[in-house]
Amino acid sequence: MGSSVAAHVGHTRKNPLTTAAVYASLLAACMLLGLPFFWMVVTSLKSPHELAGYPPSWWPESLRWGNYIDAWRSAPFGRMYVNSLITGLAATALQVGLALLMAYAFAFIRFPARRFWLLLVLATMMIPDEMKLVPNYLTLSRLDWINTYWALIVPPAAHAFPVFVFYQQFRMLPSALIDAAKADGAGHGRILWRVVLPMSRPVLVAVTLVSFLGRWNDFLWPLIVTDTATMRTLPVGLAYLKKQAEEGASPWHLMMAAALFIVIPIVILYSILQKQFVEGITKGAIKG
Amino acid sequence: MINRICAFGQDVALGFCFSFLVAFGGCGGPQSSLPSGSGITYWRTLSGAAGDAQDTLVARFNEQHPDTKVTSEFQGSYSDLATKLLTAAAARRGPQVTQLGTFEIRQFAKSGVLVDLKPLMNGPNGLDTSGWSGTLIAAGEIDGGVYWLPFNVAVPVLYYNQDAFTDAGLSGPPETWADFFSYARKLTRRGDKDAVQMSGLALWNITWPLLSMFWSEGGELTNRDYTNITLNDPVAVRLLTELQSLVREGAATLPDKASGGHRAAFLSGRAAMILDSQDAFSEVFTQATGFTPALANYPAGAKGKVYAPGGGGLAILANTTPKQRETAWAFIRHMISPESIAYYARESGYVAFTEESRRAAGDLLQDPRHATIHEALPFLRADYSVNMSPAVRNAFDEAFQKILVQNADVQATLDAADTRAEAAVKEELTAH
């Protein structure tokens, strides 16, 4: 089976027309997906006058690097960077940590009504975040956590999606390995840390990246639970640049400049973890 | 664990209070007559110059009242701010004074989130509104109370391409809505194969400008207590039919937001006229290239000039303590004092809506363009009924899109919208 696939792949690579078609398709897909990013960069370097130009220009008349300085000064982005990093990292760590423990329990520990509890956890995914806004706010208000890091870190930590993904991954692990570890006297913590996690590394990376991305890009929750600029995160900072419909056109060149320096850390992170991220995402697709 | 969490929360809160006292307790002057320790928070929207100018006004208030302090906090767009207010009100938190758009006044007032300002307006430190333009004082009136006072007032402004007017043999802006429709056709330029090079008109993708058009032609969409909703008013049917014809002919376009909207169409010379507000002023006069822009008031209709104002105002929240209420009211009076309104008009482009503030704005009105903008003030009809009811607003917005984007039958669409609005309003009124 393996050799026939290899032979097929080898045969495909040798056909120049097929190879050209594949590369052309990939190039077209890259251009299509990269176009918004390209447009963001180009717009960030334009003058306000060029923004209204018609037809739109694909390249600025002159590169206005000063837009980045203007955008940076439009809101306390330095502080917001720090806030986004602190809350993004902490909430992700907490979310992934809790999800790992829950998924492990559901996958490997027998307890009464296990399936019911699992479904109950997964059912929370069907409740829109907007519906949880007021009850969560009331709870935080009673704890006096409004406008604190706690409000940005703790509530988002409880999320069912990572639990679901980890649970699916853990179920696919060979039970013989877990049994062998138990036979060697390993406890649950040791099994999770030494056996389950090393075998689930790509999924762990993928879930961590997706969770971090969710925290990094979140707008509504940080806006609701923070009142002052010093506690706010980067997406809320973008709102400082956006104008009302009746206020006139938003300064898109500055908004795109700000969007770019918000996106850059994610691009770097993804570049570093790309291989494991793709492996983690596709693993479920291959193994069902 | 919970105790520790609570203790931590208290520590944080105490920390904030301590920092507050250390930071502001020592400074001061003798002028303030406001109760000491009655500091309040002011939530605002609007970014850029309009936001900075508010912060400056807050700083001026704090200088004048050293025994107390107003803290200004930006909370995003009008809708973001409204969502925050609603959430915070449920927890009895939030600011004492807020800027508020026109959409939520009624809903918040009926829900008990806002304070009735009428007793304060008629009290010893009351407010003289005799010099206010148009019917602005009526803007925040709900059930006999006043829950909102105008602050950043926007007025309708027609911008036009003077060169295109000259080329089309038009000597000046349209005086009537009939002229307006006729000019839109005359200004439309076509090239090869009848392709439109410049439309006479680019429509704004919101219904606000239409209110002035309908009202000045004698049309009504609803009365203030929603007992007579008439989205299918014959005037509305006639005017929307006219606009739809213009769109079909290519004499009017409805550019979407993603393409820069009506303003980008005007600035790039793709449209000769836009119905906008004074907010577009600096954009139009700094970014228009290749033609000479000019402005005028909206045209008059069968009922003369009747204009719908826009913008936002100020309100006091019900969670305010009596001590804070005194400061809150003093703060509102400061914000809408002639000097503040004049300063805000100069910095932000919103209008000086009181007689005294226009006098204080003096130099601003020396510019004939600003003088023209301010000429709209006496004709303002401060009736936000359409905005204040989601049922009416949404039904009319949807009908507007269907008629102008999907080319739907005007009468049938407005009839359906009217029926839907009437049913939904009943639910709204019951809910209140």
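Residues numbered from 1 in each chain as written. Chains lettered and ligands numbered in written order. Predicted model: local features only at pLDDT ≥ 70, side-chain atom pairs only at ≥ 80, totals over all residues.

A. Quick look at the overall build of chain A. Helix and strand counts for chain A stand at 15 helices and zero strands. Counting the 288 residues in chain A, one finds 33% classified as buried. Considering only intrachain contacts with a sequence separation of at least 6, the fraction spanning at least 24 residues in chain A is 73%. (Helix = DSSP H or I, 4+ residues; strand = E, 2+ residues; numbered from the N terminus. Buried ≥ 20, exposed ≤ 12 C-beta atoms within 10 Å, placed from the backbone. Contact = placed C-beta atoms within 7 Å.)

B. Here's a closer look at the overall build of chain B. Helix and strand content of chain B: 18 helices and 14 strands. Relative to the 2.2 N^0.38 estimate, which gives 22 Å for 432 residues, the radius of gyration of chain B is 24 Å and therefore close to what a compact globule would have. Expressed along its principal axes, the backbone C-alpha trace of chain B runs to roughly 75 × 50 × 45 Å. In chain B, which comprises 432 residues, the proportion classed as buried is 50%. Put simply, of all contacts in chain B between residues at least 6 apart along the chain, 74% involve residues at least 24 apart. (Rg over C-alpha atoms; globule rule 2.2 N^0.38 Å.)

C. Representation of the packing of helix α5 (residues 77-108) of chain A against helix α9 (residues 160-171) of chain A in the model. Residues and elements named next belong to chain A. Between α5 and α9, the least distance of the axes is 8 Å, while the angle of their chain directions is 45°. Taken together, the axis directions place α5 and α9 in an arrangement best described as oblique. Crossing angle aside, the handedness with which α5 passes α9 is right-handed. Contact with α5, carried on its side by Gln-95, Val-96, Ala-99, Leu-100, Met-102, Ala-103, Tyr-104, Phe-106, Ala-107 and Phe-108, involves Pro-162, Val-163, Phe-166, Tyr-167, Phe-170 and Arg-171 of α9 and no other residues of that element. (Axes fitted to C-alpha atoms, helices over the stretch in contact; angles between N-to-C directions. Parallel < 35°, antiparallel > 145°, perpendicular 65-115°, else oblique. Left-handed = near helix turned anticlockwise from the far one by under 90°.)

D. Spotlight on the domain arrangement of chain B. Residues and elements named next belong to chain B. In terms of domains, chain B is made up of domain 1 (37-154 + 310-379) and domain 2 (156-307 + 389-431). For domain 1 versus domain 2, the separation of C-alpha centres amounts to 29 Å. Tallying the contact residues gives 10 residues for domain 1 and 14 residues for domain 2. When residues of the side of domain 1 that touches domain 2 are assigned to their parent elements, the largest contribution, three residues, is made by helix α15 (residues 368-374). Split into classes, the residues belonging to the side of domain 1 that touches domain 2 amount to five nonpolar, three polar and two charged. (Domains from an automatic or database assignment. Nonpolar A, V, L, I, M, F, W, Y, C, P; charged D, E, K, R; others polar.)

E. Examining the interface of chain A and chain B more closely. Taken together, the contact between chain A and chain B spans 31 residues of the former and 37 residues of the latter. Elements supplying a minimum of two residues to the side of chain A that touches chain B: α3 (48-51), α7 (129-143) and α13 (220-225) of chain A. Here the residues of the side of chain A that touches chain B sort into 18 nonpolar, seven polar and six charged.

F. Main features of the pairing of strand β7 (residues 156-161) of chain B. Residues and elements named next belong to chain B. Summarising burial for β7: six of the six residues are buried, a large majority. In β7, alternate side chains face the same way, and those of Pro-156, Leu-158 and Tyr-160 on one face and Val-157, Tyr-159 and Asn-161 on the other are all buried. Of the pairings in the sheet, the one linking β7 to strand β12 (residues 273-277) comprises five bridges and is antiparallel in character. Residue pairing in the sheet places Pro-156 in a bridge with Ser-277 of β12. Here β7 runs beside strand β13 (residues 293-296); their pairing, made up of four bridges, is antiparallel. (Pairing = 2+ DSSP bridges.)

G. Structural context of the confidence of the model for chain A. Summarising the model, chain A shows a mean pLDDT of 88, and 89% of its residues fall at 70 or more. Helix α1 (residues 2-14) of chain A is the least confidently modelled element of chain A, averaging 52 in pLDDT, while α5(A) averages 96, the highest of any element. (pLDDT = per-residue confidence, 0-100.)

H. Here's a closer look at the pairing of β12(B). Counting buried positions along β12(B) yields five of five residues, so the element is predominantly enclosed. Side chains of β12(B) alternate between two faces, with Met273(B), Leu275(B) and Ser277(B) and Ile274(B) and Asp276(B) buried alike.

I. Highlighting α7(A). Residue and element names in this part refer to chain A. For α7, which comprises 15 residues, the first-to-last C-alpha distance of 20 Å matches the rise-based estimate of 21 Å (1.5 Å per residue) to within 8%. Buried residues of α7: Asn-136, Tyr-137, Leu-140 and Ser-141, and no others. One or two residues past the end of α7 sits Asp-144, with phi positive at roughly 60°. (Expected span 1.5 Å × (residues − 1).)

J. Expanded view of the environment of Gln197(B). Residues and elements named next belong to chain B. Here Gln-197 is to be found in strand β9 (residues 196-198). For the pair Gln-197 and Gly-172, spaced 25 residues apart in sequence, the C-alpha to C-alpha distance is 22 Å. Among residues more than four places away in sequence, those in contact with Gln-197 are Arg-189, Arg-190 and Gly-191.

K. Up close: the sheet that holds strand β2 (residues 70-74) of chain B. All names here are of chain B. If you walk across this open sheet you meet the five strands as β2-β1-β3-β14-β6, and the pairing is mixed. Each having just a single partner strand, β2 and β6 (149-154) make up the two edges of the open sheet. Sheet twist, expressed as the mean angle between neighbouring strand axes with direction ignored, is 20°. Inspection of the sheet shows β6 paired to strand β14 (residues 310-316) by five bridges, in the antiparallel sense. Bridged to Asn-152 within β14 is Gly-312. Across the sheet, helix α12 (residues 322-335) is in contact with β1 (40-44), β2, β3 (97-100), β6 and β14; its angle to β1 comes to roughly 45°.

L. The nonpolar core, seen in detail. Counting residues in each nonpolar core, the largest one holds 133 residues, and the members touching the most others are Val155(B), Tyr159(B), Ala184(B), Leu231(B), Met273(B) and Phe331(B). Among the elements that make up this core, the one with the highest residue count is helix α17 (residues 390-404) of chain B (eight residues). Split by domain, this core shows at least three residues from each of two domains, domain 1 (37-154 + 310-379) and domain 2 (156-307 + 389-431) of chain B. Leave out the neighbours within four places in its chain, and Val155(B) touches Ser277(B), Gln278(B), Tyr307(B), Pro309(B), Val351(B), Ile373(B), Ala376(B), Leu377(B) and Leu380(B). Formed by 24 residues, the second largest nonpolar core is a distinct cluster that contains Phe106(A), Val165(A), Val196(A) and Leu209(A). (Core = buried A, V, L, I, M, F, W, Y, C linked by C-beta atoms within 7 Å.)

M. Fine view of unusual backbone geometry. The backbone phi angle of Asn147(A) is positive, close to 65°, even though this residue is not glycine. If you trace the backbone, Asn147(A) turns up in the loop between α7 and α8 (149-157). The exposure class of Asn147(A) is buried, given the 21 C-beta atoms found within 10 Å. Although it is not a glycine, Tyr226(B) sits at a positive phi angle of roughly 60°. With respect to the helices and strands, the residue Tyr226(B) is situated in the loop between α8 (208-216) and α9 (234-249).

N. Up close: helix α3 (residues 78-90) of chain B. Its 13 residues place the ends of α3(B) 18 Å apart at the C-alpha level, agreeing with the 18 Å of an ideal helix rising 1.5 Å per residue. Taken together, the buried positions of α3(B) are occupied by Tyr78(B), Leu81(B), Ala82(B), Thr83(B), Lys84(B), Leu85(B), Thr87(B) and Ala88(B). At its buried positions, α3(B) is contacted by α7 and α13 of chain A together with β1, β3 and β14 of chain B. At the exit of α3(B) stands Arg92(B), carrying a positive phi of roughly 55°.

O. Inspection of the domain arrangement of chain A at higher detail. Here chain A is partitioned into domain 1 (2-68) and domain 2 (75-240). Domain 1 of chain A and domain 2 of chain A are separated by 34 Å when their C-alpha centres are compared.

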